[in-house]
Number of protein chains: 2
Amino acid sequence: MKRIDSIQNNSVKAWKKLHTKKGREKAKQYIVEGFHLVEEAIKNDAPILHLLLSEEIDLPSNFSPGSFELTYISKEVSKELSETETTQGIYAIIEFSYMRVDFAKVSKLLLIDEVQDPGNVGTMIRTADAAGYDAVILGTGTSDLYNSKTIRSTQGSLFHMPILRGDLIEVVSELKEQGISVYGTSLQNAKPFNEVKASNRFAIIVGNEGKGVNSNLLSLSDENLYIPIYGRAESLNVGIAAGILMYSL
Amino acid sequence: MKRIDSIQNNSVKAWKKLHTKKGREKAKQYIVEGFHLVEEAIKNDAPILHLLLSEEIDLPSNFSPGSFELTYISKEVSKELSETETTQGIYAIIEFSYMRVDFAKVSKLLLIDEVQDPGNVGTMIRTADAAGYDAVILGTGTSDLYNSKTIRSTQGSLFHMPILRGDLIEVVSELKEQGISVYGTSLQNAKPFNEVKASNRFAIIVGNEGKGVNSNLLSLSDENLYIPIYGRAESLNVGIAAGILMYSL
């Protein structure tokens, strides 16, 4: 049985660095915490390197570590690795994986342009998964996929579907070459979403919480859409807007 | 010019207590922070008791305190009152206000049953405002409206629309007496939302993040709805689900 007691242990020091984006990029690894997420990682064959369990935690009877060997850690080490207020004491260290998507074969995509809030990004990935989208593409400047809050908000959907990163200007050009319609979202010079008959294959672009989708992207899109405001709110939360569009178009 | 320098000042001590639900309930006051929210409070005639500005902050030229006198506070006091990481240094202390809604005159309502996350509650209030709903009713056990995270997530919509609190069992009975249809949300024994033709006057009930809407409420509703999951996510975030339903029905 593998066991780590000290927060001075070199592996613990290395894993703790996965709490920062810089640390993750360097190690090409990330950490997930909690039973639900770890189970989703196992079920979906994520490239798990280590499965860690705090010594004071009893594994629930319905939890199966699959073919992975558990490393037991002390309560102190668990506290060091946790990014939540009340930890469940279970962690997986996972290697980055890079997915490819053949744009010739997809029909529905969500493109995220510089959305800052990790909760918004994670929730949009979860909604895209629920809505049966083929992939999500995170544009440059969008909050990091492997941030602990992003991962938590995906509720495991990051293990179900392809999530790519790229320059959205290039992505949009490629999509258009493949005959995929691109719909931007904007409050100006846009059509109400419920007056648009969507194509069979399309991508939606949602943008930054404050400034919206970049105007460069809006000028490349086939059509720009908005969600009408019937009351006195100035705007919708970007995650809500994305959810309404993904379920309506 | 009114000015407060010390965190030992009795008013400061009293205002700080507004960071907890208990303190707010006792004083029947709450605190809002940041230019956007304070402006919305002023514009919408919220019962503001004090308007506080940190000494090192320059008022933006487009900001008008209306008829309110500013109280200047030291940076130290501002830090004591702030609940954000980077404060904008402006605060309003506001009295609780109780709104009444004549159910005979409303046509669209959102009922929130035991939703725990303040961000979810605030975002749903913002979406209900955007969708032109008449009121939001927070059931017993729902996260506090005056929690700073809830207030921030409303983006000011709490000043635009009636937000009531009550026992949802009683509320649903009253609504039905008024001829308002009540739609619960549930993953079991429910119809897909897009197959339902909504009445002219209706209320939607959304429920707790983990256990959903209470079964007592589901058995009282006229119809229970669900949002189909086309992919592999187990469920939608409650705020997203509420947004899709409010914009679709």
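Residues numbered from 1 in each chain as written. Chains lettered and ligands numbered in written order. Predicted model: local features only at pLDDT ≥ 70, side-chain atom pairs only at ≥ 80, totals over all residues. Heavy atoms only, no water.

Per an unreviewed UniProt entry, chain A goes by the name 23S rRNA methyltransferase and belongs to Gottfriedia solisilvae. What UniProt records for chain A under Sequence similarities (unreviewed entry) is the sentence "Belongs to the class IV-like SAM-binding methyltransferase superfamily. RNA methyltransferase TrmH family." (UniProt positions renumbered as here; feature names shortened; annotations may be inferred.)

Participant: Just give me the short version of the sheet that holds strand S11 (residues 202-207) of chain B, but keep the residues and values in it.
Facilitator: The pairing of strands in a sheet comes from backbone hydrogen bonds and takes either a parallel or an antiparallel form. Residues and elements named next belong to chain B. Overall, parallel pairing links the 7 strands, which are arranged S8-S7-S6-S11-S9-S12-S10 in an open sheet. Both edges of this open sheet fall to strand S8 (163-166) and strand S10 (191-192), since each of them pairs with a single strand only. Here strand S6 (residues 108-113) runs beside strand S7 (residues 135-139); their pairing, made up of 4 bridges, is parallel. Following the sheet pairing, Leu110 is matched in S7 by Val136. (Pairing = 2+ DSSP bridges. Helix = DSSP H or I, 4+ residues; strand = E, 2+ residues; numbered from the N terminus.)

Participant: Explain a positive patch on the surface to me, and be specific about the residues and the numbers.
Facilitator: Residues and elements named next belong to chain A. A contiguous patch of positive charge, built from Lys13, Lys17, Lys22 and Lys26, is present on the exposed surface. In this structure, Lys17 sits in the loop between helix H1 (10-16) and helix H2 (21-27). Using a relative accessible area of 56% as the deciding quantity, one classes Lys17 as exposed. (Patch = residues over 30% accessible without salt bridge, like charges linked within 9 Å, V, L, I, M, F, W, Y side chains within 5 Å. Areas by Shrake-Rupley, 256 points an atom, 1.4 Å probe, with all protein chains shown as cover. Salt bridge = Lys/Arg side-chain N within 4 Å of Asp/Glu carboxyl O. Lys, Arg positive; Asp, Glu negative; His and termini not counted. Charge placed at Lys NZ, Arg CZ, Asp CG, Glu CD. Buried < 20%, exposed > 50% of the residue type's maximum accessible area, 1.4 Å probe, protein only.)

Participant: If you had to explain helix H5 (residues 118-130) of chain B to someone new, which residues and values would you point to?
Facilitator: Residues and elements named next belong to chain B. With 13 residues, H5 should cover 18 Å at 1.5 Å per step; its first-to-last C-alpha distance of 18 Å lies within 8% of that length. Extensive coverage of H5 is indicated by the burial of 13 of its 13 residues. Where H5 starts, the residue carrying a side-chain oxygen 3.0 Å from the main-chain nitrogen of Gly119 turns out to be Asp117. (Expected span 1.5 Å × (residues − 1). Polar contact = N/O pair within 3.5 Å; in protein donor to acceptor, adjacent residues only side chain to side chain.)

Participant: I'd like a description of the domain arrangement of chain A, backed by residues and values.
Facilitator: By a widely used convention, the size of an interface equals the accessible area lost when the partners come together. Residue and element names in this part refer to chain A. Each domain of chain A was delimited in the assignment, giving domain 1 (2-95) and domain 2 (103-248). Here the C-alpha centre of domain 2 lies 31 Å away from the C-alpha centre of domain 1. Buried surface at the junction of domain 1 and domain 2, summed over both partners, amounts to about 1100 Å²; 61% is from carbon and sulfur atoms. The largest contributions to the domain 1 side of the interface with domain 2 come from Arg24, Tyr30 and Leu37, which together make up 43% of the buried area. We note a salt bridge from Arg24 to Asp144, for which the minimum N-O separation is 2.8 Å. Inspection of the domain 1/domain 2 interface yields 5 residue pairs in polar contact (both at pLDDT 80 or more). A per-element tally of the side of domain 1 that touches domain 2 places helix H3 (residues 35-43) first, with 4 residues. When the residues that make up the side of domain 1 that touches domain 2 are grouped by side-chain class, the tally is 7 nonpolar, 3 polar and 5 charged. (Domains from an automatic or database assignment. Buried area = accessible area lost by both parts, 1.4 Å probe. Nonpolar A, V, L, I, M, F, W, Y, C, P; charged D, E, K, R; others polar.)

Participant: Kindly report on the UniProt feature "domain: RNA 2-O ribose methyltransferase substrate binding" (unreviewed entry) in chain A, identifying the contributing residues and their values.
Facilitator: The feature "domain: RNA 2-O ribose methyltransferase substrate binding" (unreviewed entry), as given by UniProt, occupies residues 31-99 of chain A in the numbering adopted here. Taken as a whole, residues 31-99 of chain A contains 23% helix and 29% strand, while its terminal C-alpha atoms sit 19 Å from one another.

Participant: A description of the interface of chain B and chain A should follow, citing residues and the corresponding values.
Facilitator: Taken residue by residue, the interface counts 29 residues in chain B and 29 residues in chain A. Looking only at chain B, the three residues that lose the most surface to chain A are Arg126, Arg232 and Tyr247 of chain B, adding up to 26% of its buried area. Across the chain B-chain A interface, the total number found is 20 residue pairs in polar contact (both at pLDDT 80 or more). Mapped by element, the contributors of at least two residues to the side of chain B that touches chain A are helix H3 (35-43), H5 and helix H9 (238-248) of chain B. Split by residue class, the side of chain B that touches chain A holds 12 nonpolar, 12 polar and 5 charged. (Contact = heavy atoms within 4.5 Å.)

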